[in-house]
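# Structure assessment
In case you want the letters, here they are:
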Amino acid sequence: MSKFFKLCSCESIKIWKKKSTKVMLIILILSIFASAGIAALTKKLYALNDEFFASNDYKTMTKSDMETLKVDLETNKNSLDEASKNEMQAQIDIYQIALDYDINTYNTGLINTEWKATTLTTDIYYSKVNYYNYKSMGDEESALKEQANIDKELDLIKNNDYTAYMKLQKDLLKQNYDNKLISEEEYEISLHTLELKEKYEVGKEYNSEETWKETLISEIENLRYSINYGIDTNTRKALTEKDLKKAEDTIKINEYRLEHDMPPYTTGVSLGKTRKVFDYMVGGLTMMVLAVIIIIIAGSMVSSEVSKGTIKFWSFTPNKRWKILLSKLITAVLTLVILTVFITLVSSLIGNIFFGSKDAQGYLYVSGGEVHSINYIAYMLLYNLVGALEIFMFLLLAIMLSTVARNTAVAVGISIAAYLGGSTITQILNMFVKSEWIKFIPFNNLSLTDRIFTNDVSYTASSMVTSLTGNISVKFSLILLGICAVIMIVTMFDSFRKRDII
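My aim in this report is to walk through the structure given alongside it, one point at a time. Each residue is numbered by its place in its chain's sequence as written, counting from 1. It should be noted that, the model being predicted, local features are given only for residues of pLDDT at least 70 and side-chain atom pairs only at 80 or more, the latter also being counted only at that level, while totals for whole chains, interfaces and linings use all residues. To get the side-chain values, all heavy atoms of the structure are used, and hydrogens and water are removed first.

This part covers the side chain of Thr193. Think of it this way: any DSSP run of H or I at least four residues long counts as a helix, any run of E at least two long counts as a strand, and we number them from the N terminus. Relative to the elements of secondary structure, Thr193 occurs in helix H8 (residues 184-199). Burial classes follow relative accessibility: with a 1.4 Å probe on protein chains only, a residue under 20% of its type's maximum area counts as buried, one over 50% as exposed, and anything between as partly exposed. With a relative accessible area of 5%, Thr193 lands in the buried category. Residues are treated as being in contact if the distance between any of their heavy atoms lies within 4.5 Å. Look past the residues within four positions of Thr193 in its chain and what remains in contact with it is Ile217 and Glu221.

Moving on to a nonpolar patch on the surface. Excluding any residue in a salt bridge, patches collect residues exceeding 30% relative accessible area, merging like charges within 9 Å and nonpolar Val, Leu, Ile, Met, Phe, Trp and Tyr side chains within 5 Å. Per-residue and other accessible areas were derived by the Shrake-Rupley procedure at a 1.4 Å probe size, with only the shown protein chains allowed to occlude residues. We count a salt bridge whenever a side-chain nitrogen from Lys or Arg sits within 4 Å of a carboxyl oxygen from Asp or Glu. A surface patch of nonpolar side chains, amounting to about 440 Å² of accessible area, comprises Phe33, Leu349, Ile353 and Phe354. Counting through the fold element by element, Leu349 comes out in helix H14 (residues 321-355).

Attention shifts here to unusual backbone geometry. Notably, Asp102 is not glycine yet its phi reads approximately 55 degrees, a positive angle. Relative to the elements of secondary structure, Asp102 occurs in the loop between helix H4 (82-100) and helix H5 (115-137). Here Glu201, not a glycine, exhibits a phi torsion of approximately 55 degrees, which is positive. Its location among the elements puts Glu201 in the loop between H8 and helix H9 (211-229). Looking at Glu201, the relative accessible area reads 44%, which means it is partly exposed.

Running from N to C, H14 and helix H19 (residues 474-498) point in directions that differ by 135 degrees, and their axes come no closer than 9 Å. Considered as vectors, H14 and H19 are oriented oblique to each other. At the point where H14 passes H19, the crossing takes the right-handed sense. For the pair formed by H14 and H19, the contact residues are Arg321, Trp322, Ile324, Leu325, Leu326 and Leu329 on the first element and Met492, Phe493, Phe496, Arg497 and Lys498 on the second. An axis is simply a line fitted to the C-alpha atoms; with a helix, the fit covers only the stretch in contact. Between two such axes, the angle follows the N-to-C directions and lies from 0 to 180 degrees. For classification purposes, angles smaller than 35 degrees are called roughly parallel, those larger than 145 roughly antiparallel, those between 65 and 115 roughly perpendicular, and all remaining angles oblique. By convention the crossing between two helices is left-handed if the near helix lies anticlockwise of the far one by an angle smaller than a right angle, and right-handed if it lies clockwise.

What counts as a ring pair is set by centres within 6.5 Å for rings of Phe, Tyr and Trp (its six-membered ring), and what kind of pair is set by the plane angle: stacked under 30 degrees, edge-to-face over 60, tilted for all other angles. The full count for this structure, using the stated rule, is 18 aromatic pairs. Consider the rings of Tyr162 and Tyr165, whose centres lie 6.5 Å apart with planes at 35 degrees: the pair is tilted. Taken together, the residues span about one helical turn, with Tyr162 and Tyr165 both in helix H7 (residues 162-178) at a distance of three residues. An identical accessibility class is assigned to Tyr162 and Tyr165; each is buried. Aromatic side chains Phe354 and Phe355 sit 6.4 Å apart centroid to centroid with 50 degrees between the ring planes, which places their arrangement in the tilted category.

Okay, structure coming up:
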């Protein structure tokens, strides 16, 4: 056993003494700093975006649009039907109200829009249209009712009373329920959504860093509808018992995130949180760089010794060939594990230094009906180690090709090409091929992190990953990858044992 440990030690020394290994290690560290730079740049871009909306002269734009619409209405009043003229007049009134009460209506297409802008461009606008329509028909009583609704909502805007606005929304919801326009289940779900928005002040004012709250609340509402009807509101497919459990757990986790101000790890809903962007970027960029490093190391382990002739010296030692190759394999795997732990610790340290530890959150999961959290460092280590499992498969491919072809360029080139392009080609196949056999393609079973740590992203994003991978279970993927690993290991050992090395 001591001789075998010496073999492993010699292989490790050879790896770390190479200048290329040291250069690649520096590149790996630089990729962590590059991730920090991208995160800082993203934060700056979002700050500039907010400054644009803050400095944008929306009053001038509102006046210009209002005058243009007035001219159009006056010019085409004889050719327009009554309904079109009423809609145009209603929009002119909305522009005037926006000017009177200093409301920016140009960000209403964004998530988490300020409630005053939403009320003005939706509720009051449609009430204005109805008001003019009733006036045209001579229905003064209905017109007065619409005007009363408009006055009530204008009072809320004038007083900037967000609480009263939410109460009005609840009252209108209750009125729809009493009039049997919605079912009891719909009423309860919508009421819960309004209560969440009120509790976390979603829409009280525009804030790009709080858009994730609106996203999570909207997802909670959709999931409650899905559970109620037993059908996924996005895919329109019937929910299985597993899907229902996933939906219920997601609701609990989303509400926990809202309560503890913990946005999920998805760039689409948390770009305002710089630490979230850094964690997202560092996981993808550094693991890609690590994969290339490991493939280069593994792909040259046997072939480089063959080309240099140093492998001949192994024939003069008492070590058996399988032990020689096993020592190389184990050393490569240990290098992968050590570097994975290294980048996890270094990236966590750099993240804390540059972006603080406040937003460094662990992994949330549901157990026993309660939401629990895994420590941030422990979670990132587990996450990266699962990601390293994918790299391990390409490590085996590189060593196998290095042993069989005995050419470093071939081993490294094919392995890197497979790593970078394999998943993309498979995704394209998944879009057009719906046959059962496609799940047996190894590349379809590699992205384990997205399927194991599903609570990192939204339910919709998780469902999308599932649909792209053909709903392949983690257990099936591990079995298939295990079979592939055994085939590659047997092939490399058989080739190394039988072929002449002299």
